[in-house]
Amino acid sequence: MRLLIIEDDRQLADEMKTGLERQGFTIDMANTGLEGEEKACVTDYDAVLLDLNLPDKDGIDILVFLRNSGRNMPVLIVSARDAVKERAAGLDLGADDYIVKPFDFIELTSRIRAVVRRFYGRTSPRITIGGLSVNPATCTAAWENESIPLSAKEFDILLYLAECYPKIVSGEEIIEHTYNEEFDLFSSVLRVHISNLRKKLQAASGQNLLITVKGKGYHLCKNSEE
């Protein structure tokens, strides 16, 4: 999952980035409201973590701008403003959750996964496609209860494909959701990760579960006969 942190406190932003990356998230950061708005308008993030006390623009105004612009990705307000009226206003104006600083990282990551799960219309934390199961909470995948050893990036790609199942997703969509803004669009890294992921899924299941659709992208299937 690729997240955007809009936070002017650079130390806190760095701590959030480090902690969330350890939990398997891909992170972009913005230290001003205008920078955050720009990034949120050009990239389809899985979720945005939004501070309210920004130096150039109030976070509530950014939230309203994003919603009025048709950006529907989950937004979690992360703020020291703890008054009930502040929290209610944020939620009523389109935030998906409101987390008060200081926060516990375990709760933060659980809330992020919960709002993303709701965004994709799921109720269960585990995604099951035939014999394949993908668990975002533990960053693990299994075939018929047998663990599949994946690198962090292979898991990120598998998770995004599973969340979009049975839709075909383009390489550009995978890059947007699983790599940060420093990714070289002209590199062959994605093809290598896709190839390795396909081989590992096939080794575990005995079937080709990751299908390439020429000119369109990739999708998962329940079995090789789909």
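Our subject is the structure that appears above.
These notes cover the structure that comes with them.

Conventions adopted
Residues numbered from 1 in each chain as written. Predicted model: local features only at pLDDT ≥ 70, side-chain atom pairs only at ≥ 80, totals over all residues. Heavy atoms only, no water. Buried < 20%, exposed > 50% of the residue type's maximum accessible area, 1.4 Å probe, protein only. Helix = DSSP H or I, 4+ residues; strand = E, 2+ residues; numbered from the N terminus. Contact = heavy atoms within 4.5 Å. 1 Å grid on protein atoms, 1.4 Å probe; cavity = no way out; pocket = protein on both sides within 12 Å on 5 of 7 lines; lining within 4 Å. Points joined across faces, edges and corners; volume = space filled by probe spheres on them. Axes fitted to C-alpha atoms, helices over the stretch in contact; angles between N-to-C directions. Parallel < 35°, antiparallel > 145°, perpendicular 65-115°, else oblique. Nonpolar A, V, L, I, M, F, W, Y, C, P; charged D, E, K, R; others polar. Phe/Tyr/Trp six-rings, centres within 6.5 Å; stacked < 30°, edge-to-face > 60°. Salt bridge = Lys/Arg side-chain N within 4 Å of Asp/Glu carboxyl O.

**Quick notes on helix α2 (residues 33-42)**
Piece 1. Along α2, the residues that are buried comprise G33, G36, E37, K39 and A40.
Piece 2. Buried positions along α2 lie against β1 (2-6), β2 (26-30) and α3 (59-68).

**Examining the layout of surface pockets**
Piece 1. By volume, the largest pocket is sized at about 250 Å³.
Piece 2. Lining of the largest pocket is provided by 13 residues; of these, R2, T43, N180, E181 and L185 occupy positions nearest its centre.
Piece 3. When residues of the lining of the largest pocket are assigned to their parent elements, the largest contribution, three residues, is made by helix α7 (residues 171-178).
Piece 4. Taken as a whole, the second largest pocket spans an internal volume of roughly 190 Å³.
Piece 5. Along the walls of the second largest pocket sit G171, E172, I175, F183, L185, S187, S188, L190, R191 and Y218, which together make up its complete lining.
Piece 6. Within the residue set of the lining of the second largest pocket, elements represented by two or more residues are α7 and α8 (189-205).
Piece 7. The leading source of residues in the lining of the second largest pocket is α7, at three residues.

**Some thoughts on the packing of helix α6 (residues 152-164) against α8**
Piece 1. In contact at an axis separation of 9 Å, α6 and α8 are set at 80° when each is read in the N-to-C sense. Of the possible angle classes, the one that applies to α6 and α8 is roughly perpendicular. Each of K153, E154, I157, L158 and L161 in α6 lies in contact with α8, whose residues at this interface are L190, H193, I194, N196, L197, K200 and L201.
Piece 2. Residue composition of the contact of α6 with α8, grouped by class: seven nonpolar, two polar and three charged.

**Description of the packing of aromatic side chains**
Piece 1. All told, the structure shown has three aromatic pairs when counted by the stated rule.
Piece 2. Plain terms: the ring middles of F119 and Y120 are 5.5 Å apart, the flat faces sit at 85° to each other, and that makes the pair edge-to-face.
Piece 3. Owing to a relative accessible area of 38%, F119 belongs among the partly exposed residues under this scheme.
Piece 4. Residue classification places Y120 among the partly exposed positions, given a relative accessible area of 23%.

**Here's the deal with the pattern of salt bridges**
Piece 1. Going through the model one piece at a time under the given rule, you end up with 16 salt bridges.
Piece 2. Note that R81 and E86 form a salt bridge whose closest N and O atoms lie 3.7 Å from each other.
Piece 3. For R81, a relative accessible area of 18% gives the class buried.
Piece 4. Since its relative accessible area comes to 27%, E86 is described here as partly exposed.
Piece 5. In this structure, a network of salt bridges that share partners links the residues E7, D51 and K101.

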